[in-house]
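The lines below spell out each chain.
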Amino acid sequence: MSHPDWTSRTELLLGREKLDKLKKAHVLVVGLGGVGAYAAESICRAGIGKMTIVDGDVVNPSNLNRQLIALNSTIGESKSDVLSGRLKDINPDLELSVHNIFLRDEETIKLLEAVHYDYVIDAIDTLSPKVYLLYHALQKGYKVVSSMGAGGKMDPTKIHISDISKSSVCRLARTVRKRLGKMGIRKGITVVYSTEEAAEHAIIGSSEEQNKNSTVGTISYMPAVFGCFVASVVIRDLSESEL
């Protein structure tokens, strides 16, 4: 059962008009790990009316140190299914579409063309699908915010929000910039990134998780803060936009 006054504190801050804009908006979230799940839950709690969430992975024991949906009781379960249950428990009236897939190639284009999104959140860990999503979302004129690397870092005061063309230090951001540059994209994507140098000792060259080439040490709060920064971009922009 939905409680009619559950958004009252948000309305007190934003006002009715801006809250109504959020209720009309549709946000796509791709990648529901450490960053993506926190971003998705934050925008859900802010009153977004429609969401599409995408992730083909399951909860692993190594996720317990940082991921919102990772509990001993959810190990082995689909991340998209676990998160969809949380989101609907927060707001039963949320219009939610769930895709339990690893997004790549033609599936990316199909998803972007299925409906109109007011915002696209990229929280993908793997480089090629990440760049592919960013490129095609931008080609379709979508507003996009992308999370860069939260791993190997501990200082939340060094997290920044900027256009990708102005990002610095972050290795993932540098690689994404190069890949997109070769495709003719040099700006127009908002990124959340850190200027803290990743600890070299925290990176190893293999991963137990599907679709990953390396494992990076992480601390509990950094992916969560990245996710909150991502959500803030979406909420602040959509509440001011003409939808």
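Residues numbered from 1 in each chain as written. Predicted model: local features only at pLDDT ≥ 70, side-chain atom pairs only at ≥ 80, totals over all residues. Heavy atoms only, no water.

J.: What exactly am I supposed to notice about the environment of Thr-10 here?
T.: Locating Thr-10 in the fold gives a position in helix H1 (residues 8-14). By relative accessible area, Thr-10 is classed as buried at 19%. Taking the C-alpha atoms as reference, Thr-10 lies 36 Å from Glu-197; in sequence the two are 187 residues apart. Excluding anything up to four places from it in sequence, Thr-10 contacts Gly-15, Leu-19, Arg-45 and Ala-46. (Helix = DSSP H or I, 4+ residues; strand = E, 2+ residues; numbered from the N terminus. Buried < 20%, exposed > 50% of the residue type's maximum accessible area, 1.4 Å probe, protein only. Contact = heavy atoms within 4.5 Å.)

J.: Is there a simple way to think about the packing of helix H6 (residues 127-139) against helix H7 (residues 171-182) in this case?
T.: What describes two packed helices is the angle between their axes and the distance between those same axes. Relative orientation of the contacting elements H6 and H7 amounts to 55°, with a least axis distance of 10 Å. When the interaxial angle is binned, H6 and H7 end up oblique. Where H6 crosses over H7, the handedness of that crossing is right-handed. Counting all contacts with H6, which are made through Leu-127, Ser-128, Lys-130, Val-131, Leu-134 and Tyr-135, the residues of H7 involved are Leu-172, Thr-175, Val-176, Arg-179 and Leu-180. Partitioning the contact of H6 with H7 into residue classes produces 7 nonpolar, 2 polar and 2 charged. (Axes fitted to C-alpha atoms, helices over the stretch in contact; angles between N-to-C directions. Parallel < 35°, antiparallel > 145°, perpendicular 65-115°, else oblique. Left-handed = near helix turned anticlockwise from the far one by under 90°. Nonpolar A, V, L, I, M, F, W, Y, C, P; charged D, E, K, R; others polar.)

J.: Hey, could you run me through the sheet that holds strand E6 (residues 159-163) in this one?
T.: Strand-to-strand pairing in sheets goes through backbone hydrogen bonds, with the strands running parallel or antiparallel. On the basis of which strands lie adjacent, the open sheet formed by 7 strands has the order E3-E2-E1-E4-E5-E7-E6 and mixed pairing. Edge positions in the sheet fall to strand E3 (95-99) and E6, since each of these pairs with one other strand and no more. Averaged over all pairs of adjacent strands, the angle between strand axes in this sheet comes to 15°, irrespective of strand direction. Alignment of strand E4 (residues 119-122) against strand E5 (residues 144-147), held across 3 bridges, turns out to be parallel. From the neighbouring strand, Val-120 faces E5, where its bridge partner is Val-144. Strands in contact with helix H4 (residues 79-90) are strand E2 (50-54) and E3; relative to E3, the strand with the most contacts, it is inclined by about 170°. (Pairing = 2+ DSSP bridges.)

J.: Where do I start with helix H5 (residues 105-114) in this structure?
T.: Owing to its 3.6 residues per turn, the α-helix brings residues three or four apart onto one side. When we look at burial in H5, the residues that qualify are Thr-108, Leu-111 and Leu-112. All buried residues of H5 lie within an arc of 95° about the axis, which places them on one face of the element. When the buried face of H5 is taken as reference, the exposed residues oriented beyond 90 degrees from it are Glu-106, Lys-110, Glu-113 and Ala-114. Among the structural elements, strand E1 (26-30), E2, E3, E4 and H6 are those in contact with the buried residues of H5. (Arc of directions from axis to C-beta.)

J.: For this particular structure, what's the right way to read a positive patch on the surface?
T.: On the surface, Arg-174, Lys-178, Arg-179 and Lys-182 cluster together to form a positively charged patch. Checked against the element boundaries, Arg-174 lands in helix H7. (Patch = residues over 30% accessible without salt bridge, like charges linked within 9 Å, V, L, I, M, F, W, Y side chains within 5 Å. Areas by Shrake-Rupley, 256 points an atom, 1.4 Å probe, with all protein chains shown as cover. Salt bridge = Lys/Arg side-chain N within 4 Å of Asp/Glu carboxyl O. Lys, Arg positive; Asp, Glu negative; His and termini not counted. Charge placed at Lys NZ, Arg CZ, Asp CG, Glu CD.)

J.: Got a minute to help me understand the side chain of Gln-67 in this structure?
T.: Looking at where Gln-67 falls in the secondary structure, it is placed in the loop between E2 and H4. Using a relative accessible area of 6% as the deciding quantity, one classes Gln-67 as buried.

J.: Looking at this structure, how should I read the environment of Ala-231?
T.: Within the element layout of this structure, Ala-231 appears in helix H8 (residues 221-240). In this structure Ala-231 comes out as buried when scored by relative accessible area, which is 4%. Distance from Ala-231 to Met-148, taken between C-alpha atoms, is 14 Å for residues 83 residues apart in sequence. In this structure, Ala-231 is in contact with Ala-39, Ser-42 and Ile-43, ignoring residues within four places of it in sequence.

J.: What is the right way to look at the confidence of the model for the chain in this model?
T.: When pLDDT drops low, the exact placement of atoms in the prediction is not to be read closely. Confidence along the chain averages 94 in pLDDT terms, with 95% of residues attaining 70 or more. Every residue in residues 206-211 is under pLDDT 50, and counting partners more than four places away or in other chains gives 19 contacts. (pLDDT = per-residue confidence, 0-100.)

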